[in-house]
Amino acid sequence: MLQIEIDNGSGFCFGVTTAIKKAEEELAQGQTLYCLGDIVHNGMECERLHEMGLITINHDDLRELHDVKVLLRAHGEPPETYELARRNNIEIIDATCPVVLQLQKRIKRQYDENHGVGDQQSPAPQIVIFGKKGHAEVLGLVGQTQSTAIVIESFDEVTTLDFTRDIYLYSQTTKSLDEFHRIIDYIQSHISPDATFKSFDTICRSVANRMPNISQFAAKHDLILFVCGRKSSNGKVLFNECLRVNPNSHLVEDPQEIQPEWLEGIQTVGICGATSTPRWLMEQCRDAILQMPD
């Protein structure tokens, strides 16, 4: 008898849950609601909300809108977005995750302290963000610094920093905690004695703690189905951890991608997902397996 377990630790994080709840509340009132970018990096959930009336737009679309309501998703936005909304008389429904919002404020405070500091003899400090270039959250963070922050995507890029200048290091909330600490160790061992280095651990613990949990989950099943939108950076990190622990792991976006041959000789299946994966989608994948012929 095939056993299937859905990981209780997988599914929407607090920030995503709040954003979706806000969208549903607005749409329930029958009002037109726009969302700046995909509300979550999961095509199936975006489609569900689209059917409820949510209209996804990009920044170019935003410039053309006036006198409407626009929801800002959990990833956050740079200051220019709020300024544009004010000019166009757009009502913002702000669903920025509180963890991201706190990080934005810290980086803005650091930038304001640094602004105007530095000359040829003593250049201004570097604000460095460990994050994915072009990611919505990172764009919002860089926007707090008038686009002067340096973004490094991986440990390999840490060598591009100027170790003769002060470095203030932050992280995108969903990055790997282990890699962040590797970057800290490297900077500490290379920074000039005349320069200051400060690091701020801004990784969301509700996301970081999923790594050890998902490792344990992946290890106890014959087959792992990781349900996730392929645009989710958090999903990529968690899926790679599943693969490391259990090579018989497959990433699927929806139940249609599940291949019957994966189940041959399998006794236990573990279904898990990213912070952007809805519980109902993992349940659909379970149901699809149960309906497959023996």
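Residues numbered from 1 in each chain as written. Predicted model: local features only at pLDDT ≥ 70, side-chain atom pairs only at ≥ 80, totals over all residues. Heavy atoms only, no water.

Undergrad: Where do I start with the pairing of strand β3 (residues 54-57) in this structure?
TA: Side-chain positions along a regular strand alternate between the two faces of the sheet. As defined by bridge partners, strand β2 (residues 33-36) adjoins β3 across four bridges and the pair is classed as parallel. Note on β3: the bridge partner recorded for L36 is I57. Running through helix α2 (residues 43-52), the crossover from β2 to the neighbouring parallel element β3 is right-handed. (Pairing = 2+ DSSP bridges. Helix = DSSP H or I, 4+ residues; strand = E, 2+ residues; numbered from the N terminus. Right-handed = clockwise from strand over helix to strand, strands pointing away.)

Undergrad: What is the right way to look at helix α7 (residues 177-190) in this model?
TA: Residues lying three or four places apart along an α-helix face the same way, a consequence of the helix completing one turn every 3.6 residues. A rise of 1.5 Å per residue sets the reference length of α7, with its 14 residues, at 20 Å; its end C-alpha atoms lie 20 Å apart and thus fit the reference within 8%. Measuring from the side-chain oxygen of the N-cap residue of α7 to the backbone nitrogen of D178 gives 3.4 Å; that N-cap residue is S176. (Expected span 1.5 Å × (residues − 1). Polar contact = N/O pair within 3.5 Å; in protein donor to acceptor, adjacent residues only side chain to side chain.)

Undergrad: Honestly, the pairing of β2 in this entry has me stumped. Any pointers?
TA: In β2, alternate side chains face the same way, and those of L33 and C35 on one face and Y34 and L36 on the other are all buried. Bridge count between β2 and strand β4 (residues 69-72): two bridges; the pairing is parallel. In the sheet register, Y34 faces β4, and the bridge partner there is V70. (Buried < 20%, exposed > 50% of the residue type's maximum accessible area, 1.4 Å probe, protein only.)

Undergrad: Explain the nonpolar core here, please?
TA: Within soluble globular proteins, side chains that are nonpolar generally end up buried alongside one another. Membership of the largest hydrophobic core comes to 18 residues, with the highest contact counts inside it found for L161, I167, L169, I183 and I187. For this core, the secondary structure elements donating two or more residues are β6 (126-130), β8 (167-171) and α7. It is α7 that contributes the most residues to this core, four residues altogether. Setting aside chain neighbours within four positions, we find I183 in contact with F130, I152, S154, F155, V158 and L169. Counting residues in hydrophobic clusters, the runner-up holds 17 residues, among them V227, W262, I271 and M282. (Core = buried A, V, L, I, M, F, W, Y, C linked by side-chain atoms within 4.5 Å. Contact = heavy atoms within 4.5 Å.)

Undergrad: In this structure, what is going on with the pattern of salt bridges? I would like to understand it.
TA: Side chains that carry opposite charge are capable of pairing whenever their charged atoms lie near each other. Counting across every chain of the model gives 16 salt bridges. Between K220 and E5 there is a salt bridge whose closest N-O contact spans 3.4 Å. Residue K220 is found in the loop between α9 (210-219) and β10 (223-227), and its partner E5 is found in strand β1 (residues 3-6); the two are separated by 215 residues along the sequence. Between K133 and E157 there is a salt bridge whose closest N-O contact spans 2.9 Å. With a gap of 24 residues between them, K133 in the loop between β6 and α6 (136-142) and E157 in the loop between β7 (150-152) and β8 connect regions that are remote in the sequence. The class for K133 is partly exposed, based on a relative accessible area of 43%. A relative accessible area of 21% places E157 in the partly exposed class. (Salt bridge = Lys/Arg side-chain N within 4 Å of Asp/Glu carboxyl O.)

Undergrad: Looking at this model, I keep getting lost on the sheet that holds β3. Mind explaining?
TA: Across a sheet, paired strands are connected by hydrogen bonds in the backbone, their directions being either parallel or antiparallel. Read from one edge of the open sheet, four strands run β3-β2-β4-β5, paired in parallel fashion. Each end of this open sheet is capped by a strand with a single partner; those strands are β3 and β5 (91-94). Each strand axis lies, on average, 35° off the axis of its neighbour in the sheet, ignoring direction. Note that β4 and β5 share four bridges and pair parallel. The residue bridging K69 from the neighbouring strand is E91, located in β5. The strands touched by helix α4 (residues 79-87) within the sheet are β2, β4 and β5, with β5 carrying the most contacts at an inclination of about 145°. (Axes fitted to C-alpha atoms, helices over the stretch in contact; angles between N-to-C directions.)

Undergrad: Whenever I open this one, the packing of helix α1 (residues 14-28) against α2 confuses me. Can you help?
TA: Packed helices, taken two at a time, are described by the angle their axes make and the gap between the axes. Where α1 contacts α2, the axes come no closer than 10 Å and their chain directions differ by 20°. Accordingly, the angle class assigned to the pair α1 and α2 is roughly parallel. As α1 runs across α2, the sense of the crossing is left-handed. Contacts between α1 and α2 pair I20, E24 and L27 from the former with E45, R48, L49 and M52 from the latter. Classifying every residue of the contact of α1 with α2 by side-chain character gives four nonpolar, no polar and three charged. (Parallel < 35°, antiparallel > 145°, perpendicular 65-115°, else oblique. Left-handed = near helix turned anticlockwise from the far one by under 90°. Nonpolar A, V, L, I, M, F, W, Y, C, P; charged D, E, K, R; others polar.)

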